[in-house]
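Chains, contacts and geometry: an overview
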Amino acid sequence: MNNQEYVVIVRYGELYLKGKNRYLFENALIKNIRNKLKDTNALVEKITGRIIISNIENNAQDIIERVQKVFGISSMSKALKLKTSMQSIKDYCSSIELNGSFKVEVKRADKSFPMISSELEKLLGKIILDNNDNLKVDVHNPEHIVNVDIRETGYTYISFEKIKTLGGMPVGTSGKGLLMLSGGIDSPVAGFLMAKRGLQVNAVYFHSHPYTSEQAKQKVKDLAQIIATYGGGLKLFIVPFTKIQEAIHLQCDNRYTITIMRRNMYRIAEKIALLNDYNCLITGENLAQVASQTVQGITCSNSVLTSLPMFRPLISFDKIETIELSKKMGAYDISILPYQDCCTVFVPKNPIIKPQVEQAQIEERKILDLDQLIDDAIKNVEILNFED
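All of the points below concern the structure found in this document. (Residues numbered from 1 in each chain as written. Predicted model: local features only at pLDDT ≥ 70, side-chain atom pairs only at ≥ 80, totals over all residues. Heavy atoms only, no water.)

1. What about the environment of F311?
Worth spelling out the cut-off: Helix and strand assignments follow DSSP, with helices taken as H or I runs no shorter than four residues and strands as E runs no shorter than two, numbered in order from the N terminus.
Residue position: F311 is located in strand β14 (residues 310-311). Counting along the chain gives 26 residues from F311 to E285, while the straight-line C-alpha distance between them is 9.2 Å.

Shown next as structure tokens:
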């Protein structure tokens, strides 16, 4: 048939709630899709209520796999694009070959089209049925759905599957955040979830050489690259934490070492975030998962923050839920590699479970030149950039 080509049609859901500012979110989504496809010849354009990716040639599957990792999309399909007319739609439907059960779903955004959706569904269903002997209609649980999307642009898009995508909001529409990234399962998932809400996620990692190995550092780099794939890139700040951790171990009550360590990680993370105009901090903390993640422990750590909120998207998650998300985003096999991070160094036998802010402050005052140690750590930060 003439005037036909295959395209990828992109649909979005939550963006419809944005009212007069919706175009800003749509433009951000288009920018993110274009960035994901920047080394291809694909063309990305916005039409009313849809985004169309054309010039896909023989790269449709690769393009779909890439765009599936873009937040802000509810579903997408490989679709046939043809000039809208009753005859062209009928002609194409008469050529469809299917077995099993099916139904037709019509979206008629072009209200000038001469037949309403329900009538066209019946007409096209009859045409398809008449041309396929081993086919039956099932409107409740069909094996095949023929989607006919008649748009206002004068084109109709016909597809046979809706590919489930990640949903959420386009990355970059909710500001920038700094993720406290360890080598475990939780923190990469926390970054993934905040990127899903439109946050541009960057990360900070605390490295305690020689107590933590280069393999542990590489593990974090690999996790940072995975997050970057979903977040449109990522900047990783690697903080030398050895001197601070040694000072805490030597000069503070052993029961409080984890609490004091976390408080100073928070201090450093907030300073780095403020220096880079980030809007929030993120951790993978989960209530009651480990000894330091009690209400009192979280409160004690939080009390050192002066300017930025700390987001904890996993706070109520069951560990199995987190593992499922880790596998979904492709981080799990890396996260379980047996390389220790700094949180496992100098772990006391009996850490305090319900630390008090006042006592933590007393313990911190025992550390000689703590402010200088923090400043030195920030001055010696290693910065790595990970592209999408």
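2. Quick word on the pairing of strand β2 (residues 43-47)
Formally: Note: two strands are recorded as paired if DSSP finds a minimum of 2 bridges between them.
Sheet topology places β2 next to strand β3 (residues 50-54); 5 bridges connect them, and they run antiparallel. Residue pairing for β3: V44 is matched across the bridge by I53. Counted between consecutive antiparallel strands, the loop separating β2 from β3 contains 2 residues, among which G49 sits at a positive phi close to 75°.

3. Some points on the side chain of E363
Formally: Burial status follows relative accessibility: with a 1.4 Å probe on protein chains alone, a residue under 20% of its type maximum counts as buried, one over 50% as exposed, and anything between as partly exposed. Whenever two N or O atoms come within 3.5 Å, that pair is a polar contact, provided that in protein one can donate a hydrogen and the other can accept it, and provided that, for residues adjacent in sequence, both atoms are side-chain atoms.
Among the structural elements, E363 can be located in helix α12 (residues 357-364). Take E363: its relative accessible area is 2%, and that puts it in the buried class. A polar atom in the side chain of E363 sits 2.7 Å from the backbone nitrogen of D253.

4. Examining the packing of helix α8 (residues 257-275) against helix α9 (residues 295-302)
To describe two helices that pack against each other, one gives the angle between their axes and the distance between the axes. As a reminder of what qualifies: The angle between two axes is taken between their N-to-C directions and runs from 0 to 180 degrees, where each axis is a line fitted to C-alpha atoms and a helix contributes only its stretch in contact. Relative orientations are named as follows: roughly parallel for angles under 35 degrees, roughly antiparallel for angles over 145 degrees, roughly perpendicular for angles from 65 to 115 degrees, and oblique for any other angle. For any helix crossing, the convention is left-handed if the near helix is rotated counterclockwise from the far helix by under a right angle, and right-handed if that rotation is clockwise. Here, residues are in contact when the closest pair of their heavy atoms is within 4.5 Å. Polar here means any residue outside two lists: the nonpolar Ala, Val, Leu, Ile, Met, Phe, Trp, Tyr, Cys and Pro, and the charged Asp, Glu, Lys and Arg; Gly therefore counts as polar.
Relative orientation of the contacting elements α8 and α9 amounts to 40°, with a least axis distance of 8 Å. In terms of orientation, α8 lies oblique with respect to α9. Crossing of α8 against α9: the hand is right-handed. Counted together, T259, R262, R263 and Y266 of α8 and C300, S301 and N302 of α9 form the full contact between these two elements. Classifying every residue of the contact of α8 with α9 by side-chain character gives 2 nonpolar, 3 polar and 2 charged.

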